[in-house]
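Residue-level structure breakdown
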Amino acid sequence: MLELLDINAGYEGSTVLRNVTLYVPDRSVVALLGPNGAGKTTTLRVASGLLDPAQGRIVLDGVDMTRWPPFARAERGMCLIPEGRGVFAALSVRDNLRLQSEPGSESDSIDRATQTFPRLGQRLNQVAGTLSGGEQQMLALARAYLANAKVVLLDEVSMGLAPVIVDEIFEFIDRLRSTGVSLLIVEQYVQRALDIADYVYVLNRGAINFVGEPQEIEGEAILESYLG
Amino acid sequence: MNAFIVAVILGLATGSIYALAAMGLVLTYKTSGIFNFAQGAVAAAAAYLFYTLRQSDGIPWPIAALISVALIGVVGGLLLERMGYALREAPVASKVVATVGLLVGIPALLAAWYGSSSRPFDHFLPSHPVHLFVNVGTDQIIIFLLASASAVGLSLFFRRARLGIGMQAVVDDPDLLSLQARNPIVVRRWAWTIGTSFAAVSGILIAPTIGLDAPILTLLVVQAFGAAAIGSFTSIPRTYVGGLIVGVTTALSQLYLASHSGFQGVPPSMPFIILFVVLLVTPKRLLLEKGTRLARRLDFAPALNKRISVPTTLVGLGLLIALPQFVGFRLPLYMTGLLFVILFASLGLLVRTSGQVSLCHLAFAAVGASSFAHFESFGIPWPLAVLLAGLVTVPIGAILAIPAIRLPGIYLAIATFGFGILMQRFVFTNRVMFGSTDSLTAPRPHLGSFHLGTDTGYYYVILGITVACCVVVVLVQRSRLGRLLRALGDSPVALDAHGTNTNFVRLLVFAISAGLAGIAGALSGPVTGFTDGLTFDYSISLLLLAVLALSGRRALASAFIAGGLLQVVPGYITNATVSAYVPAFFGVAAVAVAVVPGIGFAKRFLVARRVRERRGASPVAERRALVRPEVVVAGAPLSGTGRAGGRNGDNRVAERVEMARLGAHQ
Ligand SMILES: Nc1ncnc2c1ncn2[C@@H]1O[C@H](COP(=O)(O)OP(=O)(O)OP(=O)(O)O)[C@@H](O)[C@H]1O
Ligand SMILES: [Mg+2]
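Residues numbered from 1 in each chain as written. Chains lettered and ligands numbered in written order. Predicted model: local features only at pLDDT ≥ 70, side-chain atom pairs only at ≥ 80, totals over all residues. Heavy atoms only, no water.

What to know about the overall build of chain B
Counting secondary structure elements, chain B contains 28 helices and 6 strands. For chain B, with 666 residues in total, the buried portion stands at 54%. Look at the contacts in chain B between residues 6 or more apart in sequence, and 76% of them connect residues 24 or more apart. In the structure as shown, chain B presents an accessible area of about 28,300 Å², 67% of it carried by carbon and sulfur atoms. (Helix = DSSP H or I, 4+ residues; strand = E, 2+ residues; numbered from the N terminus. Buried < 20%, exposed > 50% of the residue type's maximum accessible area, 1.4 Å probe, protein only. Contact = heavy atoms within 4.5 Å. Areas by Shrake-Rupley, 256 points an atom, 1.4 Å probe, with all protein chains shown as cover.)

Dropping the structure here:
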């Protein structure tokens, strides 16, 4: 289980997150929702180690990793697919996949990734920066699959993509959860996120102001205010 | 035919050494986005250390080589990694200043410690000849094989090894690499260690052929830039081939051209001709700048309050007018000091205002100096000759605007660096420039009963022209052109999108800057009465950039401070040991100034600006919150602050959180 305990965090001079506590239980999907600027990305950055919290602890499977750098957390099973395109634009698709895989399993990983996303298989030698937006996102997502993570954090992975591609990505998320990893998803398609989530957290102006199961939130005013 | 083959073999051997240095250079550039102008200086340092260990301390050469490469390559590499890290978000100009500072500082330190005279450097590799068609030295074969093996190994490493691929990734997005369970610092350390070790090896290998001489060793390895350009600064195999091409063409031109009068300048400048031409013809899409993704923009000094600037200017001017009364025989120091003010002000226009780095500013001055002397000898009146000398320099500046238009940031700096050396090697040595004796007379002006020919008289002439040039610079800064230049430094793309012809802006700024430098050059001759090519050594252009970086961010104030630092202050140092360290000090200080803003001042400045932006945005958020319905938690309205879950917020949320956690345990 991933635990964020009483987190305060921000950027030099301003606090963004205030006393955020959040749990991602094993084998479950947690949706983190909230309006623009609420601090969702900041929460994921703190969880993955890209941003140090001013206060609070980050614990994964009982191990306190609050002061660990991102690569150490990644080695222990934390996997953030960041906002935007999480690929190395100057490298080929193949090299991107090589970097994503665990040491020693490169060719095996490339096979697994191309089975999951056949489009990538046709473009192994293409420079990642020249892929379409959807293809780049698939390449970025492949890491969630290859890294053998315990918990995967997804930050708006469907942003700016065509509906067909979004379908494909949600299929992938479904498949990912069936492999037993737990997921923390930030999504703009609220309904779709609620459909797959076991728990929902709503973040507003840096503080959690709703926690519960998806059916509790549906039809509530809070959802409206969120979608509004 | 035999001579041809011998030349080719010689070229392959020296080319192999260039290739080693160039591959190391490409490796670190690709990984860090820092183009290490000081690669040659690192090589020289390794050669000096090797010399000391072996020839002074008598350590056997393999051990001496190992120690030198380990100390310079590994320790130096790790230090450079720190420097590169501090500069990761710096604008191109700061990155150039840092490594140019090293390029100035390291050879100066070596010269201060070891003395500036060249020393013989014993051969250490076995050199008995082996007969392959012609006689080939064993050392040549060893060097060739070493470079080839390194090229193959490094190419495979880059293509196959995870660390190698990581090196290509880390420059663009170290955070993403870290998210992929790779430690970006370790990746960078490896790259710098390998790249710097390559430089160290090349220095040790090349030293026996030329002896221990810091500037020459440095310059020889700088020839590797041409090789790196052939490899588009990215491809290891092409860089290797590039090294061989540079070596062989240089050797062949030595064989065929050196004896023809008028072409003697060609062989030694061959690598720089290759560098400049390759940069001019390489398709733009191949010359992608590394490491700009994280780069922040240039920051400008805020305009000074008139209540401060006007009195300061007046007092300063008054002091300058009164100066001849106080300084006595040191007045010529102040004359050249004022000329350097013009040089610095015009260089600042390029580097500071528009973010374009020129490493060949002295070449403009040289053209001005030589043209002035020629015009004078034709009997053209003195003031007109100075003006014309400035005008003649303008087209030279315009030539440099071509690479400026074609090439982004760092490549322009490299091109101007090559151009500066090319001018010195090829053009200055030509009779057209400074005559057959490399010296032209440059008289002072005469004006009836005014004694302009005296030191004091000529000082006032220079002061008048300096003030005029400063006025030009201020006018340019305040005009529309100045705004365009600042926009150019800030974001060329945005300026293009605005429909402004950025090419014309670049052309204009290079022309103005070169013209001013030409005038400074023209005025320099009459200080001593004659002018020669040696005065305008390319290394002074590097020093100019380093000292300008030390002197603050203000257009005019920095020019005066820099002129004083570079020309006047050293004139007051009488202690020989201290004077020997002055150039080293400038180099090292420039590195510090370039690196420190990355961690200290500028960053704080930058963050302050971001915070301000966000504060500016907050009223909108405030308003949005007013329009929004009350936030609701599980059916119950929250308190108006909307800060549930906080320490004193609604504890229902805390309850829910707890439930979610307990749910997890089921
Ligand atoms: N690098 C940064 N420096 C300073 N402030 C930042 C930085 N990144 C984010 N912020 C601020 O922190 C707050 C939260 O941002 P965050 O990106 O976490 O929001 P978000 O919930 O992910 O929003 P969105 O839905 O738009 O992605 C915002 O007010 C933002 O301006
Ligand atoms: Mg976000």
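Read on, since the account is not over.
Some remarks on the overall build of chain A
Each helix and strand in chain A was counted, giving 10 helices and 10 strands. In terms of C-alpha radius of gyration, chain A reaches 17 Å, essentially the compact-globule figure of 17 Å for 228 residues. Referenced to the eigenvectors of the C-alpha coordinate spread, the extents of chain A come out at roughly 45 × 40 × 35 Å. Sorting the 228 residues of chain A into buried and exposed places 61% on the buried side. Long-range contacts, defined as pairs at least 24 residues apart, comprise 66% of the intrachain contacts of chain A with a sequence gap of at least 6. On chain A, roughly 8,300 Å² of surface is accessible, and the fraction owed to carbon and sulfur atoms is 45%. Taken together, the 20 basic and 29 acidic charged side chains of chain A have centroids lying 5 Å from each other. (Rg over C-alpha atoms; globule rule 2.2 N^0.38 Å. Lys, Arg positive; Asp, Glu negative; His and termini not counted. Charge placed at Lys NZ, Arg CZ, Asp CG, Glu CD.)

Considering the site of ligand 1
Around ligand 1, 13 residues are found, and the nearest of them are N36(A), G37(A), K40(A), T41(A) and T42(A). Residues close to ligand 1 are split across chains A and B. Between Y11(A) and ligand 1, the recorded distance is 3.4 Å, taken from a side-chain N or O atom to a nitrogen atom. Considered on its own, ligand 1 offers 630 Å² of accessible surface; in the complex 71% of this is hidden by protein. Top contributing element to the shell around ligand 1 by residue count: helix α1 (residues 40-48) of chain A, with 3 residues. Of the residues contributing to the shell around ligand 1, the split by class is 4 nonpolar, 5 polar and 4 charged. (Near = heavy atom within 4 Å. Polar contact = N/O pair within 3.5 Å; in protein donor to acceptor, adjacent residues only side chain to side chain. Nonpolar A, V, L, I, M, F, W, Y, C, P; charged D, E, K, R; others polar.)

Describing the sheet that holds strand β5 (residues 63-64) of chain A
Adjacent strands of a sheet pair through backbone hydrogen bonds, lying either parallel or antiparallel. Residues and elements named next belong to chain A. Taken together, 4 strands build an open sheet; the order of strands is β2-β1-β4-β5 and the sheet is antiparallel. Two strands lie at the open edges of the sheet, namely β2 (14-24) and β5, each paired on one side alone. By the bridge criterion, 2 bridges tie strand β4 (residues 55-60) to β5 in an arrangement that is antiparallel. In the sheet register, V59 faces β5, and the bridge partner there is D64. α1 rests against β1 (2-11), β2 and β4 of the sheet, and its axis sits at about 115° to β1. (Pairing = 2+ DSSP bridges. Axes fitted to C-alpha atoms, helices over the stretch in contact; angles between N-to-C directions.)

Let's talk about the nonpolar core
Membership of the largest hydrophobic core comes to 238 residues, with the highest contact counts inside it found for F37(B), V96(B), F233(B), L359(B) and F417(B). Excluding its chain neighbours within four sequence positions, the residues that come into contact with F233(B) are V26(B), Y29(B), K30(B), F35(B), F225(B), A228(B), L279(B), L287(B), Y411(B) and I414(B). Grouped together as the second largest cluster of nonpolar side chains are 36 residues, V29(A), L141(A), V157(A) and L161(A) included. (Core = buried A, V, L, I, M, F, W, Y, C linked by side-chain atoms within 4.5 Å.)

Looking at the coordination of the magnesium ion (ligand 2)
Residues and elements named next belong to chain A. Taken together, T41 (OG1) and E83 (OE) make up the protein donors of the magnesium ion (ligand 2), found 1.9 to 2.5 Å from the metal. Taken together, the residues T41 in helix α1 and E83 in the loop between β6 (78-81) and α3 (93-100) connect sequence positions 42 residues apart. Owing to a relative accessible area of 38%, E83 belongs among the partly exposed residues under this scheme. (Donors = N, O, S within 2.8 Å, 3.2 Å for Na, K, Ca; no water.)

Describing the sheet that holds strand β3 (residues 29-33) of chain A
All names here are of chain A. Strand order in the open sheet formed by 6 strands is β6-β7-β8-β3-β9-β10, and the pairing between neighbours is mixed. Looking along the sheet, the strands with just one partner apiece sit at the ends: β6 and β10 (207-212). Taken pair by pair, the neighbouring strands of this sheet meet at an average axis angle of 15°, ignoring direction. Pairing geometry for strand β9 (residues 199-204) and β10, over 5 bridges, is antiparallel.

Quick notes on the packing of aromatic side chains
This model, assessed by the stated rule, comprises 26 aromatic pairs over all chains. A ring pair is formed by F35(B) and F225(B), whose centres lie 5.0 Å apart and whose planes are at 70°; its orientation type is edge-to-face. A residue pair is termed long-range when its members are at least 10 positions apart, and F35(B) in the loop between α1 (2-32) and α2 (39-56) and F225(B) in helix α10 (residues 224-230) qualify at 190 residues. The pair formed by F35(B) and F225(B) is uniform in burial state, with each residue classed as buried. Ring geometry for F37(B) versus F417(B): centroids 5.5 Å apart, planes at 65°, classification edge-to-face. With F37(B) in the loop between α1 and α2 and F417(B) in helix α18 (residues 409-428), the pair connects residues that are 380 residues apart, well separated along the chain. F417(B) sits in the buried class, given a relative accessible area of 1%. A network of ring pairs unites the aromatic residues Y29(B), F35(B), F37(B), F225(B), F233(B), Y411(B), F417(B) and Y538(B) as a single cluster. When the ring centre of Y145(A) is taken as origin, the NZ or CZ atom of R112(A), which lies over that ring, is 5.2 Å away. Sitting over the ring of F158(B), K30(B) keeps its end group 4.5 Å from the ring centre. (Phe/Tyr/Trp six-rings, centres within 6.5 Å; stacked < 30°, edge-to-face > 60°. Lys NZ or Arg CZ within 6 Å of the ring centre and 35° of its normal.)

Quick notes on the packing of helix α20 (residues 455-478) of chain B against helix α23 (residues 502-528) of chain B
All names here are of chain B. Remark: α20 packs on α23, axes separated minimally by 11 Å, with the N-to-C direction vectors making an angle of 175°. Between α20 and α23, the interaxial angle falls into the category roughly antiparallel. When α20 is examined against α23, the residues Y458, I462, I465, C469, V473 and V476 are found in contact with a partner set consisting of I512, L516, I519, L523, P526 and V527. Tallied by class, the residues present in the contact of α20 with α23 amount to 12 nonpolar, no polar and no charged. (Parallel < 35°, antiparallel > 145°, perpendicular 65-115°, else oblique.)

So, a nonpolar patch on the surface
There is a patch of nonpolar side chains on the surface, built from I63(B), I67(B), L71(B), V74(B), V75(B), L78(B) and L79(B) and spanning about 560 Å² of accessible area. Its relative accessible area of 33% is what places V74(B) among the partly exposed residues. (Patch = residues over 30% accessible without salt bridge, like charges linked within 9 Å, V, L, I, M, F, W, Y side chains within 5 Å. Salt bridge = Lys/Arg side-chain N within 4 Å of Asp/Glu carboxyl O.)

Topic: the confidence of the model for chain B
As a general rule, the predicted coordinates of low-pLDDT regions are not to be interpreted in detail. In this model, chain B carries an average pLDDT of 81, and 85% of its residues clear a pLDDT of 70 or more. Note on the complex model: pTM 0.85, ipTM 0.93. (pLDDT = per-residue confidence, 0-100.)

Thoughts on the packing of α1(B) against helix α5 (residues 138-160) of chain B
All names here are of chain B. Here α1 crosses α5 at 30°, and the two axes come no closer than 8 Å. With respect to α5, the element α1 is oriented roughly parallel. The handedness of the crossing between α1 and α5 is left-handed. Contact with α1, carried on its side by I9, L10, L12, A13, S16, I17, L20, M23, L27 and K30, involves Q140, I143, F144, L146, A147, S150, A151, L154 and F158 of α5 and no other residues of that element. Per-class residue counts for the contact of α1 with α5 are 15 nonpolar, 3 polar and 1 charged. (Left-handed = near helix turned anticlockwise from the far one by under 90°.)

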